[in-house]
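Summary of the model geometry
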Amino acid sequence: MSCTPRSTYHAFRESYNTLQHLHFPGISTFQHGLNVQNLLMQYNLDYKHIESGFRRLGKLQSEPKHSSPIAIESDSNSSFEKWQSKLEQLRNLKPQPSILTFQFQHTYAGGIKSKKTMTDAQIAAFQSIREEGTSTLSDLSSSISSLSSSQTRASLPPPRFYQLDRGGQVTYHGPGQLVAYLVLDIKAFDHLTAKCYVNNVLLKSIQNVLMNEFGIVSYLSDENPGIWVYSKGWDSLQSGPDEVGERLSHNWRKIASVGVKVRRGVTEYGIALNVDPSLIYLNTFEMCGLKDRRATSIKEILSKRNERIGDKNNLSVDKVADLYAKQVAHALNMNYINKTIL
């Protein structure tokens, strides 16, 4: 299904004018992130179930009953008013759209596409990857092994592997990478299909952050979902081909991944944007099923341009999380962001 590019979407419900931004500073465990997302997801699904039951009850009460006309009118008005009052109380409990932002400990998360082909040996290989490059998965290139010691986070536990039921293949999460999970009801917005949500909200918001804040030109690929950067243009902001498509070559670098699941119109999971991670963990396995494709980061691109990160481009996951939340709120035409640091 095609998705026409557009700048914003409008919600049918007034309660959807505020984006709840829940930010988790520091390094979180991946399981903690899943637990928080699952709580919000269950709240949304429970609400939709109760709301649906209320609407069915309203239909039953509006059906005519075989009794005297005067009694019917009196009872119907009373029942309808009570039903409206209860429905209004229920709407006050409606969950608001929420974006969760994290940095995780070293984690590899498999998606639906990789679930059937993943072996125990492959999982063990993922969990054996270390910052110093000792891994049974593949040999590290000289460019990876020469990464500076400042990127070392040796004090953290080794990677863990999680099998998820979201879209996509194997994705890395870890320190220096922004992970953003968005939980909202896409049915509350006009013309917001699942594909449009992924392309025009999740991914377009990344592109806006990269361009507006860091001057990084990026590209969206339908065939290879995520955000890609054309490495030949790093030094001059030169544009790459108009479309990424199947023509991805060794000149392309992946800077952000996406994987979502939609249940009863409610979204979960989201994106991972490489701010300043150790690229060893991203470049020691076959990324997204594409051979010879490598990952990059905002820090690497700025470094290759010999740009110093000043006050304007103060590079941190916390700052990029705020920038991304603002772009998501803009794409969904939300006027307010209510940020909570947990």
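Nothing here was measured: the structure is a model prediction, and the numbers come from that model.

With respect to the pairing of strand β1 (residues 18-23)
For β1, the tally of buried residues reaches six of six residues, placing the bulk of the element in the interior. In β1, alternate side chains face the same way, and those of T18, Q20 and L22 on one face and L19, H21 and H23 on the other are all buried. Note: β1 against strand β12 (residues 336-341), six bridges, orientation parallel. Bridge pairing in β12 places H23 opposite I341. Of the pairings in the sheet, the one linking β1 to strand β2 (residues 98-102) comprises four bridges and is parallel in character. Considered in β2, the bridge of L22 is made with L100.

Some points on the layout of surface pockets
When its volume is computed, the largest pocket comes out at roughly 550 Å³. Lining the largest pocket are 34 residues; nearest its centre among them are G167, G168, P225, V258 and G259. Of all the elements in the fold, those that place two or more residues in the lining of the largest pocket are β5 (171-173), β6 (177-183), α6 (194-214), β9 (252-263) and β10 (266-274). A per-element tally of the lining of the largest pocket places β9 first, with seven residues.

Re the sheet that holds β5
Pairing is mixed in the open sheet, where three strands are placed in the order β4-β3-β5. What marks the edges here is a single partner per strand, and that holds for β4 (160-163) and β5. Across the sheet, the mean angle from the axis of one strand to that of its neighbour is 25°, orientation sign disregarded. Sheet topology places strand β3 (residues 107-110) next to β5; three bridges connect them, and they run antiparallel. Bridge assignment links A109 to a residue of β5, and that residue is T171.

A few points about the packing of α6 against helix α8 (residues 317-331)
Relative orientation of the contacting elements α6 and α8 amounts to 125°, with a least axis distance of 9 Å. As the angle between them shows, α6 and α8 are arranged oblique. For the crossing formed where α6 meets α8, the hand is right-handed. On the side of α6, the interface is formed by N200, V201, L202, S205, I206, N208, V209, N212, E213 and F214, while α8 contributes K319, V320, L323, Y324, Q327, V328 and A331. Of the residues in the contact of α6 with α8, the class split is 10 nonpolar, five polar and two charged.

The rules behind these values
Residues numbered from 1 in each chain as written. Predicted model: local features only at pLDDT ≥ 70, side-chain atom pairs only at ≥ 80, totals over all residues. Heavy atoms only, no water. Buried < 20%, exposed > 50% of the residue type's maximum accessible area, 1.4 Å probe, protein only. Helix = DSSP H or I, 4+ residues; strand = E, 2+ residues; numbered from the N terminus. Pairing = 2+ DSSP bridges. 1 Å grid on protein atoms, 1.4 Å probe; cavity = no way out; pocket = protein on both sides within 12 Å on 5 of 7 lines; lining within 4 Å. Points joined across faces, edges and corners; volume = space filled by probe spheres on them. Axes fitted to C-alpha atoms, helices over the stretch in contact; angles between N-to-C directions. Parallel < 35°, antiparallel > 145°, perpendicular 65-115°, else oblique. Left-handed = near helix turned anticlockwise from the far one by under 90°. Contact = heavy atoms within 4.5 Å. Nonpolar A, V, L, I, M, F, W, Y, C, P; charged D, E, K, R; others polar.

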